[in-house]
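Survey of secondary and tertiary structure
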Amino acid sequence: MQQNNPQEIRKPSRLVGAWWGPAVGLTGIGLVSAVEIERTSDATREVFFNVDQPWAVYLFLSILTGLLVYGIGRHLTLWALGRPVPGLRQQLGHRLRNAVRLGLAQDKVRRDRYAGIMHWCIFSSIVVLTFVTAQVAIADDLSIHFLEGQYYLFFSFYGDLFGLIGVVGVGMALYRRYFDSYHRIRWDERLEDHAILWGLALVLLTGFAVEAFRINATELDQQPDWARWSFVSWGVASGLDLFDLSESQLLSAHVWGWWSHIVIAFGWLGLIVFTKLDHIFFAPTNAFLLRTDSPGRLTKIENIEEREVFGVGQIQDFTWKQLFELDACVRCGRCSSVCPANLSGQPLSPMHLIQDLKSHLATVGPELQRVGHQNGDVRAVSPVAMVGDVIKDETLWACRTCGACVQECPVMIEHVPTIVDMRRYLVMDEARVPATAQAALENMEVRGHPWRGTALTRDSWMEGFDDVPYFDGTQEYLYWVGCSGSLVERNLPITKSVFRLLRESGASFGVMGQEETCNGDPARRLGNEYLYQILAQQLVDTFKEKNVQKVITNCPHCFNTFKNEYPQFDGHFEVLHHTEFLAKALKDGDLQARHQVTASEMTYHDSCYLGRINGQYDAPRQIIEFLPGTSLTEMKRSRSRGLCCGAGGGNMWQEEIGERRVNHVRSEEAVGTGADSVVSNCPFCIQMFEDGLPAVHPEEEGRMRAFDIAELLEQSVFGPEGGSRATSEVAEAIQ
Amino acid sequence: MHLVVCAKQIPDPETPPAAFRIDSAKNEVIPAQGIAPVLSPFDAQAAEAALRIKEKAGDGKVTVISLGQESAQAAIKQVLAMGADEGVLLSDDAFQGGDSYSTAHALAAAIKKLGDVDAVFCGRQAADWDMGQVGIGIAEELGWPVAIIAKDAQADGGSMVVQRVLADGFETVKMPLPAVVTVSNELGDPRYPKLQQIMQAARKTVTTWGPADLGVDASEIGAAGSRLKLEKLFQPESGAEVELMEGETPAEQAQALAKALRDAKII
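A brief structural summary. Values in this document were obtained by computation on a predicted structure and should not be read as measured data.

A few points about the overall build of chain B
Along chain B, the regular secondary structure elements total eight helices and 13 strands. At 23 Å, chain B has a C-alpha radius of gyration far larger than the 18 Å of a compact globule built from 267 residues. Across its three principal axes, chain B shows a C-alpha extent of roughly 80 × 40 × 40 Å. Expressed as a percentage of its 267 residues, the buried residues of chain B come to 40%. Nonlocal contacts in chain B, meaning residues at least 24 apart in sequence, comprise 71% of its contacts between residues at least 6 apart.

Structure representation (structure tokens):
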């Protein structure tokens, strides 16, 4: 295989990797400074030079502290409305690492390179300048004279350097906010966004101005060797010379500048209490609170039969972590910019969903607090229903549970569990379900599979094979075909391919045939947790009865629920997706991919539940590497940035509402690579492409083909005549 | 207002053709393995019609009756979960193997036993045999008026206003209560039960009545009371033969095809 656009393969960046740039630069500067500092050893300046009542600063500081306490208190009373969060005290080490990696080091922020640099500039500038200011305060309060000599010069230097870095960051932010009209950060723009940005700009600029006035008045001519260390202000101060200001003018400008700087700086810090600037504290905290288990696992409702309310229909039914998250949102729009529903003009924007819930909490929260939330009923204090009025039903149904929003969120909000909680309310408490989803749910309940009206049975794919082994507990693997692999016409060839490849590899395996039944995944995603628990528990019991230890699945959704969710039902199995098994078989030499396949230029579509949610990006690509005479062109959205095919979260069985269908959008992206085939690993994705490709390319001639990777590997292993999906038919179509 | 819904449990009409088998010797359908029987879809709509009337009135009682085997409990529970108040199962070997007449006879007896019934709702037909006669038979037995194939039914004081589906439109009829209505799919989708209701339904006990409870004559019910005799039950055989036309060129193949079709007197 040949990789056509290797730059598209981006590994998730690591902590070390992202910091080496600034670190090398700063070390270099530090070395030069160390040598240079040797030359001057008596430098210093008067702290609070030219300022009469510096104690006023402490007044501001007390006001600010008071405001912060008030702000946090106000938030706390609202968060306290939520239910307890289970498992918070577990995995503390992991949580602390998250707080450092995702909070302080801002791993997620850097997923957008421009924003990453911008945010790093502003963040580091604020941290260093706060440190600078703190040193001034310590020097004054405790009368410790350490801002002297070599350190004073170094202090002047890094203060100016990080001031400049801050100006660069603010400049980048200004550009993004005012010159990029359609930027995602403007999708929900508010006054506070401007205030925060301009406030910070003014703090930095007045800071430099004050320093420049002081330097011009006291150092520029008197101690030029010292002055140069404050290189930015020194430059400005030198420029001030052109205006030929008198000393008194300079001094009065300095005093005015100094007080404006202080007032603006404290005013800006005060914004933490009232604006999204609170993410300074909330983002690292939310990183600490972030789940430590797989994002592919939804919470289990314990003792479901004894409950009276099943989903979340009122704001106080969320956990306090879910309420806390609402306040962490900074409206950056990353979630919505990657949401498949939003990209297709469908009625869901994760950012607006979070913001709407936040406003709802702010509206009804205080009143709920007053009436006593434990027995509180939002309906008594508010005429609007959270689910239905604040968050529309169709918004909740549009979610694919693909996890792209969760993946991108720089403040670690987990949208998917919140959405599913509200779906649970719709389905179990209100029984308000779109007709098509209802049909799928009823079908799972009555017939044990979601495919209403299928004419196939779970044995249909076995036609033509007389040697399909049934699992009897003696084989190593259970090959789990799944409902889609056996009851949907298009997927039968995939099942046959996987079967033949497993057989060829010499693996010891068996199938369950008619004994298979839905594992419940679609029910859980659609919000019917009760049905899910029944189906899951049944299957866990069956697996145990049959002595199943290892499972190979066709479908990433079965894979995910077996792997990540069945442990909630005491079902612990080793679960492999077929791509993982086949990649290993190829590497071990158990399978030989010798023959040319009917696809030559491919693009690979990461299914959400194998890729983003379970992190398996490589095994399928490794299989493609084994296919002779093929090349791979990655789509722009690939790997962890992959776009959902549109079927996730039960949307396989729903009517789409909106401007476009998600699978048409994704098919366009696939076609855009110029490849002749799109390869994937999921029966839903394949079905979505089979539907989407003709829509974006109506003529049959030259149309892109959709394959499961197992189908191509089968061709390559058994030769052109050996394919299950009448390979000859495919070959003809391509010729 | 006391409304009765008659619900039948049938073999799943969505059984894949490959899994559908009959026993020609016994003239019986062999239950498909692993495919559970379901509530006849039209009966779910009959339940929906009754529940809408109860909801609109703000009070009343809906009783669901099923004649069948013990497994029919599931069909009754499903209607209870939708919102019905009580369930009655007519289950006894004597009830089995009946036709539309003997089934209607038993059901009518059960309705009489309930006493204060204002209206009976049935599906327009059971989706297994598609006879469409039980509802009418019940009305005949009870001497009540009946409106069949309804898309809407509204209680209006002492009468029932029913919109009936005709081949070329609708017809609205008004009949005095008590009455029987058979409901068609045009009524709309039956409701999806709330989980709370499913759990309540699971806790409800279903009353079981046998022939003695109803006071019916054993010769009038089940197989004994049947007036219809099933002569032969069989699966039609379908098949296809493919003959490929010989020929060097498409034109020759087309000629051969034309000739073959003419020989077969198709063209």
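More follows now that the structure is in view.
Considering the interface of chain A and chain B
Of the residues lining the interface, 19 residues belong to chain A; the matching set on chain B comes to 17 residues. When residues of the side of chain A that touches chain B are traced back to their parent elements, those giving at least two are α18 (415–429) and α19 (435–447) of chain A. The biggest single contributor to the side of chain A that touches chain B is α19 of chain A, with four residues. Class assignment for the residues of the side of chain A that touches chain B results in nine nonpolar, six polar and four charged.

Regarding the sheet that holds strand β4 (residues 550–553) of chain A
Residue and element names in this part refer to chain A. Spatially, β3-β2-β4-β5 is the arrangement adopted by the four strands of the open sheet, whose pairing is parallel. Pairing within the sheet leaves two strands with one partner each, and these edge strands are β3 (509–510) and β5 (574–577). As judged from the four bridges shared by strand β2 (residues 477–480) and β4, these two strands associate in the parallel manner. By the bridge assignment, Tyr477 is partnered in β4 with Lys550. Seen against the sheet, helix α25 (residues 578–587) touches β4 and β5 and runs at an angle of roughly 80° to β5.

As for the nonpolar core
Core analysis: the largest hydrophobic core is formed by 218 residues, its most contacted members being Val5, Ala47, Leu107, Phe121 and Val181 of chain B. Once residues within four sequence positions are removed from consideration, Val181 of chain B is found in contact with Ala49, Ala119, Phe121, Ala147, Ala150, Ala153, Met160 and Val162 of chain B. By size, the runner-up hydrophobic cluster in this structure holds 43 residues, among which are Ala115, Val203, Phe213 and Leu240 of chain A.

Digging into the pairing of strand β7 (residues 86–90) of chain B
The side chains of a regular strand alternate, first on one face of the sheet and then on the other. All names here are of chain B. Burial analysis of β7 places four of its five residues in the buried class, the great majority of the element. Of the strand pairs in this sheet, strand β6 (residues 61–67) and β7 are connected by five bridges, and their pairing is parallel. Among the inter-strand pairings, Thr63 is bridged to a residue of β7, identified as Glu86. Regarding topology, helix α2 (residues 73–82) serves as the crossover connection from β6 to the parallel β7, and that connection is right-handed.

Some points on the packing of helix α6 (residues 191–218) of chain A against helix α8 (residues 231–240) of chain A
Residue and element names in this part refer to chain A. In contact at an axis separation of 8 Å, α6 and α8 are set at 60° when each is read in the N-to-C sense. Between α6 and α8, the crossing angle belongs to the class labelled oblique. Of the two elements, α6 crosses α8, and the hand of that crossing is right-handed. Here Phe208, Glu211, Ala212, Ile215 and Asn216 of α6 come into contact with α8, specifically with Val232, Ser233, Trp234, Val236, Ala237 and Leu240.

What about α2 of chain B?
For α2 of chain B, the buried fraction is high: eight of the 10 residues fall into the buried class. Once α2 of chain B ends, the next one or two residues include Gly83 of chain B, with phi positive near 140°.

Structural notes on the environment of Asp429 of chain A
Among the secondary structure elements, Asp429 of chain A is positioned in helix α18. On the basis of neighbour count, Asp429 of chain A is assigned to the buried category, with 21 C-beta atoms found within 10 Å. For the pair Asp429 of chain A and Gly313 of chain A, spaced 116 residues apart in the sequence, the C-alpha separation amounts to 8.4 Å. Those residues in contact with Asp429 of chain A that sit more than four places away from it in its chain are Val309, Phe310, Gly311 and Gly313 of chain A together with Lys194 and Leu195 of chain B.

Topic: the packing of α25 of chain A against helix α26 (residues 618–626) of chain A
Each pair of packed helices can be summarised by the angle the axes make with each other and by the distance between the axes. All names here are of chain A. With their axes 8 Å apart at the nearest point, α25 and α26 run at an angle of 40° to one another. On the basis of their axis angle, the class for α25 and α26 is oblique. Every pair of crossing elements has a handedness; the one defined by α25 and α26 is left-handed. Two secondary-structure elements touch here, α25 through Thr579, Glu580, Leu582, Ala583 and Leu586 and α26 through Ala619, Pro620, Gln622, Ile623 and Phe626.

Definitions and limits used
Residues numbered from 1 in each chain as written. Chains lettered and ligands numbered in written order. Predicted model: local features only at pLDDT ≥ 70, side-chain atom pairs only at ≥ 80, totals over all residues. Helix = DSSP H or I, 4+ residues; strand = E, 2+ residues; numbered from the N terminus. Rg over C-alpha atoms; globule rule 2.2 N^0.38 Å. Buried ≥ 20, exposed ≤ 12 C-beta atoms within 10 Å, placed from the backbone. Contact = placed C-beta atoms within 7 Å. Nonpolar A, V, L, I, M, F, W, Y, C, P; charged D, E, K, R; others polar. Pairing = 2+ DSSP bridges. Axes fitted to C-alpha atoms, helices over the stretch in contact; angles between N-to-C directions. Core = buried A, V, L, I, M, F, W, Y, C linked by C-beta atoms within 7 Å. Right-handed = clockwise from strand over helix to strand, strands pointing away. Parallel < 35°, antiparallel > 145°, perpendicular 65-115°, else oblique. Left-handed = near helix turned anticlockwise from the far one by under 90°.

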